[in-house]
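One-letter residues, chain by chain:
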Amino acid sequence: MGLRVALTGNHAVAYAVKLADPDVIAAYPITPQTSIVEKLAELIDKGELRARMIRVESEHSALAACFGAAVAGARTFTATSSQGLLYMHEFVHWVSRARIPVVMAIVSRTINTPWNIWPDHSDFVDQRDAGWVMSYAMDSQEAFDLTLQAFKVSEDPSVYLPVMVGLEGFIIGHTAMPVEIPDENIVKEWLGERRQPYVIDGSEPLGLGGLTFPEDTEDMFYHIQEAMNNAKNVIKKVDEEYGKLFGRKYGGLVSCYNCIDAKYIAISMGAWSGDLVEAVDKLREEGYPVGALRIRYYRPFPAEDIWEIVRNAKGIVVFDRAISFGAWGQIYTDLVAGFSLYTNKLPQMANIVAGIAGVNVISEDFYGILKSFIDKSESGTLERNYFAWIKVRR
Amino acid sequence: MSKIETRKLPLPHDARDKLLPGDAACPGCPIPIALKVVSAVFGEKAILVIPACCTSVILGTYPGQAIKTSVIHVPFASAAAVASGVSQALRTRGIKDVHVIAWAGDGGTADIGVASVSGAAERNEDIIYIMYDNEAYMNTGIQRSSSTPRGAWTTTTPTGKIENKKDMARILIAHGVPYVATASVGYPHDLYGKLQRARSMSGFRFIHIHAPCPPGWRFDPQYTVRVAKLAVETGLWVLYEYYDGKLTVSGPSRPYMDPAKRKPIEEYLKIQGRFRVITDELINEIKKYVNENWYWITKMSR
């Protein structure tokens, strides 16, 4: 099997990119993403990575350069965070609507002002309508695996969409853990050559993105929705293949912990899912029938998969580490909308927004929130579903 | 350096094989004139990267395209960055005979795109950047850009622009790129020669084409070339090339190094409706600007 080394989440992403053997990397520095591209620059400098690196003058140009290179037949990668992601947002849409495979890592950091470099999910979920396949890691190993798999999913002919891989800055990005790096040759064979729907390299005159009337444009966008649906199966297939080849299978778009017999299920995404699992363990010890479900892919949104798991649950607590100001957490919003397609009667639900702007939420916090929800539900005092923004202070 | 004489080259007759009839340009539009010369030089072995500009519309609607060359339409601020990516990908893939050309207007170059132009120039990306300068946002309906000349009416400067035109060619010379040239649709042979020279070189090459716009500048569509030539003959627009650390005034502009040979600036201004609101005071300011520009060019060409 592969090599086990201690890697931060950011370096894990960089080594996954190295194994994917990209042709062109373009990036612009921003905390907390920077150590990904620093590592890639070092690998190129040492001759361990043959990619060309374009040190662009902005994030807008970073994704623009990746787009140009990808259109011309190159496997490409970029990474950014927070303000950088917002600055390139125009191009985030452009790339997916052109159906061009590109992989990008998002090392999450809250959105400013005020200046704040700590993580929440607000930068990542802000991209949810942009037509990218969006995955989110829980630890460095998963950041590595998702990054490598992103190239495979992105370049699948039934998908042909860009893929972004999210991981929280500092908590994952800058914290080392043992990461297994698979064998280069097996990866190479599994990933294969670059695939994309068209190539513009001057070998024949070809136009991309010219003025298009509404009916044709709508048709193109409709195909993106279809590709998103296809992506669900591709993600599961890639997860299976990867599990067989490299020994790590996560379960597809979601990952479950003690869900099978659970009467109550907590839903989350990202690093704090680890703390949530600790809380679930403690509650189980105390006899609470609770499980944890983790969203690994935010787009395509796995509403159907989640519904299959939670349909018999009495109560669901959804933890969001981002807020749509004036509404609720984005995962909760998507879940309720998704569930409404499968049932006329929603389970008891609560939406907890917490950990905003990098506020630290620990397993004791999850424990208290879940215990309170379950106690109320069991005693019949939970009158209706509720939303709460819980500001943890210690 | 290449010994291409810019004045005497004949234009090939097959330019229309690449730039096809039936584009969506306004009558008298300078863009097809310039694109014809570009396609005469590069044929199908070019990839045009085009941000939001008149050309986005002129090239026609999906699934058709009025040019038999590869085209990538891109967001407003990104032509130089996308072209950088395309160029790097082609180099990685070992493709050497295809030229990557960013083709952008003055807004996409001097305003919203200036950071990406500067970035690509500083990195000396292997691309040819062509700025066709119709001196305002024409596609959106004649709004002022930083490349609009002083005194010109636009829909956002109803009493005329107060500031001088931003000089992109000079800005690119300051970047130390291998090749910078100014050109005009009034002198297609000169442009042809400059494109040939750019084609023979590598690294970041910048060509700034003066492109009079009949509806935007308020003149009769039959006078596009006349207006373009008057800009040169009055000395307001100067054709030159800069490479190997040396600036050379091009043939059509050479006579006007002598101020006495220049036509009165009023001849250029009065043919265009956009300068109808101009005052005598402003005309004097423009004359001063012309003199200062020539002073710099003359100094640079020594």
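Please read all numbers here as calculations on a predicted model, not as lab measurements.

What counts, and where the lines are drawn
- Residues numbered from 1 in each chain as written.
- Chains lettered and ligands numbered in written order.
- Predicted model: local features only at pLDDT ≥ 70, side-chain atom pairs only at ≥ 80, totals over all residues.
- Helix = DSSP H or I, 4+ residues; strand = E, 2+ residues; numbered from the N terminus.
- Rg over C-alpha atoms; globule rule 2.2 N^0.38 Å.
- Buried ≥ 20, exposed ≤ 12 C-beta atoms within 10 Å, placed from the backbone.
- Contact = placed C-beta atoms within 7 Å.
- Domains from an automatic or database assignment.
- Nonpolar A, V, L, I, M, F, W, Y, C, P; charged D, E, K, R; others polar.
- Pairing = 2+ DSSP bridges.
- Axes fitted to C-alpha atoms, helices over the stretch in contact; angles between N-to-C directions.
- Core = buried A, V, L, I, M, F, W, Y, C linked by C-beta atoms within 7 Å.

Peer 1: Can you help me understand the overall build of chain A in this one?
Peer 2: A count of helices and strands for chain A gives 13 helices and 16 strands. Expected size for 394 residues packed as a compact globule is a radius of gyration near 21 Å; at 21 Å, chain A falls within 12% of this value. For chain A, the spread of C-alpha atoms along the three principal axes comes to 70 × 50 × 45 Å. In chain A, buried positions account for 53% of the 394 residues. Intrachain contacts of chain A at a sequence separation of at least 6 include 80% that bridge at least 24 residues.

Peer 1: Help me out: how do you make sense of the overall build of chain B in this one?
Peer 2: Counting its secondary structure elements, chain B contains 11 helices and 8 strands. Reported as C-alpha extents along the three principal axes, the dimensions of chain B are approximately 60 × 45 × 35 Å. Among the 302 residues that make up chain B, the fraction classed as buried is 55%. Contacts in chain B between residues far apart in sequence, at least 24 positions, make up 71% of those at least 6 positions apart.

Peer 1: Any chance you could explain the domain arrangement of chain A here in plain terms?
Peer 2: Often, the extent of an interface is quoted as the loss of accessible area on bringing the components together. Residue and element names in this part refer to chain A. For chain A, the domain assignment lists domain 1 (3-246) and domain 2 (254-389). Each of domain 1 and domain 2 has a C-alpha centre, and these two points are 28 Å apart. Across the contact, 23 residues belong to domain 1 and 19 residues belong to domain 2. Of all elements in the fold, only α6 (122-125), β6 (133-136) and α9 (214-246) reach the threshold of two or more residues within the side of domain 1 that touches domain 2. Looking at which element gives the most residues to the side of domain 1 that touches domain 2, the answer is α9, with 5 residues. Here the residues of the side of domain 1 that touches domain 2 are counted per class, giving 13 nonpolar, 6 polar and 4 charged.

Peer 1: What is the right way to look at the sheet that holds strand β6 (residues 205-210) of chain B in this model?
Peer 2: Hydrogen bonds along the backbone pair up the strands of a sheet, which may run parallel or antiparallel. Read from one edge to the other, the open sheet built from 9 strands follows the order β9(A)-β2(B)-β1(B)-β3(B)-β4(B)-β6(B)-β5(B)-β7(B)-β8(B), with strand pairing classed as mixed. With one partner strand each, in any of the chains shown, β9 (207-208) of chain A together with β8 (246-249) of chain B form the two edges of the open sheet. Two elements, strand β4 (residues 128-133) of chain B and β6(B), share 6 bridges in a ladder whose sense is parallel. Paired with B:I128 across the bridge in β6(B) is B:R205.

Peer 1: Help me understand the sheet that holds strand β14 (residues 315-320) of chain A in this model?
Peer 2: All names here are of chain A. Read across the sheet, 6 strands follow the order β10-β12-β11-β14-β15-β16 without closing on themselves; strand pairing throughout is mixed. Unpaired on one side and paired on the other, β10 (254-257) and β16 (386-389) mark the two borders of the sheet. Strand-to-strand twist of the sheet, defined as the mean angle between neighbouring strand axes without regard to direction, takes the value 20°. When β14 meets strand β15 (residues 348-353), the two strands line up parallel, connected through 6 bridges. Bridge pairing links V317 to A350 in β15.

Peer 1: What exactly am I supposed to notice about the interface of chain A and chain B here?
Peer 2: The partner chain B presents 39 residues to the 36 residues of chain A that form the contact. Of the residues that constitute the side of chain A that touches chain B, the class distribution is 20 nonpolar, 10 polar and 6 charged. As paired strands, β9(A) and strand β2 (residues 70-73) of chain B are joined by 2 bridges and run parallel to one another. Counted as the bridge partner of A:G207 is B:V71 from β2(B).

Peer 1: When you look at helix α12 (residues 330-339) of chain A in this model, what are you seeing that I'm missing?
Peer 2: Residues three or four positions apart in an α-helix share a direction because the helix packs 3.6 residues into each turn. Among all positions in α12(A), only A:Q330, A:I331, A:Y332, A:D334, A:L335 and A:F339 are buried. Against the buried residues of α12(A) lie α6, β11 (264-268), β12 (290-295), α11 (303-310), β14 and β15 of chain A.

Peer 1: Where do I start with the nonpolar core in this structure?
Peer 2: Side chains of nonpolar character tend, in soluble globular proteins, to be buried together. Of all hydrophobic cores here, the largest spans 225 residues; its most connected members are A:F67 and B:V49. Both of domain 1 (3-246) and domain 2 (254-389) of chain A provide at least three residues apiece to this core. Not counting residues within four places of it along the chain, the set of residues in contact with B:V49 comprises A:G68, B:I72, B:V74, B:A79, B:V82, B:A83, B:V86, B:V100, B:I101, B:A102 and B:W103.

Peer 1: Sorry, what's going on with the environment of A:I106 here?
Peer 2: All names here are of chain A. Relative to the helices and strands, I106 resides in strand β5 (residues 103-108). Taking the number of C-beta atoms within 10 Å as the measure of exposure, I106 has 27 and is therefore buried. Sequence-wise, I106 and M164 are 58 residues apart; in three dimensions their C-alpha atoms are separated by 6.7 Å. Setting aside residues no more than four positions away along its own chain, I106 makes contact with T80, S81, L85, D123, F124, M164, V165 and G166.

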